Amino acid sequence: MFEDRSLGVVDDTQSLWGTYLHGLFDNGPWRRTWLNRLRQQRGLSSMPTGISNYREQREAVLNSLADAVGEYLDLTPLLG
């Protein structure tokens, strides 16, 4: 499946994947499409693919947390 074999491996049925690429499954719609393919192979119905991107959700939560911390703590000694 990977053109560059050093990126990871996929078995012949494409149901077992392995990679060292961090964040490969963070893209919600891509991950859901991949999972739906596995579900269909097992005779299960598909799940909706119109889900948000996990990476974007995580960044928004972390930014909100950072804003809240910055509002109540003087970070100058740490960042200065």
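Note that this is a predicted model, so its numbers are computed, not measured.

A.B. asks: I tried to follow the overall build of the chain on my own but got confused; where do I start?
C.D. replies: When helices and strands are counted, the chain shows three helices and two strands. For the chain, the sequential pattern of α-helices and β-strands runs β-β-α-α-α. Against the globule reference of 12 Å for 80 residues, the chain gives a C-alpha radius of gyration of 19 Å, more extended than a compact globule. Its C-alpha atoms give the chain principal-axis dimensions of roughly 55 × 30 × 15 Å. Counting every position in the chain, which comprises 80 residues, the buried fraction comes to 15%. Taking contacts inside the chain between residues at least 6 apart in sequence as the whole, the part at least 24 apart equals 23%. The centroid of the 8 positive side-chain charges in the chain is displaced by 13 Å from the centroid of its 10 negative side-chain charges.

A.B. asks: Looking at this structure, how should I read helix H1 (residues 28–41)?
C.D. replies: Along an α-helix, residues three or four positions apart point the same way, because every turn accommodates 3.6 residues. With 14 residues, H1 should cover 20 Å at 1.5 Å per step; its first-to-last C-alpha distance of 20 Å lies within 8% of that length. For H1, the set of buried residues is Gly28, Arg32, Trp34, Asn36 and Leu38. One or two residues past the end of H1 sits glycine 43, with phi positive at roughly 80 degrees.

A.B. asks: When you look at a nonpolar patch on the surface in this model, what are you seeing that I'm missing?
C.D. replies: A surface patch of nonpolar side chains, about 520 Å² in accessible area, is lined by Leu62, Leu65, Val69, Tyr72 and Leu73. The class for valine 69 is partly exposed, based on a relative accessible area of 33%.

A.B. asks: Explain the environment of alanine 60 to me, please; I cannot follow it from the model alone.
C.D. replies: Tracing the sequence through the fold places alanine 60 in helix H2 (residues 54–72). Looking at alanine 60, the relative accessible area reads 43%, which means it is partly exposed. Taking the C-alpha atoms as reference points, alanine 60 and valine 9, 51 residues apart in sequence, are found 32 Å from one another.

A.B. asks: Please explain the environment of threonine 49 as it appears in this structure.
C.D. replies: Along the chain, the position of threonine 49 falls in the loop between H1 and H2. Apart from residues lying up to four places away in sequence, threonine 49 is in contact with Pro29, Arg32, Thr33 and Asn36.

How each quantity is defined
Residues numbered from 1 in each chain as written. Predicted model: local features only at pLDDT ≥ 70, side-chain atom pairs only at ≥ 80, totals over all residues. Heavy atoms only, no water. Helix = DSSP H or I, 4+ residues; strand = E, 2+ residues; numbered from the N terminus. Rg over C-alpha atoms; globule rule 2.2 N^0.38 Å. Buried < 20%, exposed > 50% of the residue type's maximum accessible area, 1.4 Å probe, protein only. Contact = heavy atoms within 4.5 Å. Lys, Arg positive; Asp, Glu negative; His and termini not counted. Charge placed at Lys NZ, Arg CZ, Asp CG, Glu CD. Expected span 1.5 Å × (residues − 1). Patch = residues over 30% accessible without salt bridge, like charges linked within 9 Å, V, L, I, M, F, W, Y side chains within 5 Å. Areas by Shrake-Rupley, 256 points an atom, 1.4 Å probe, with all protein chains shown as cover. Salt bridge = Lys/Arg side-chain N within 4 Å of Asp/Glu carboxyl O.

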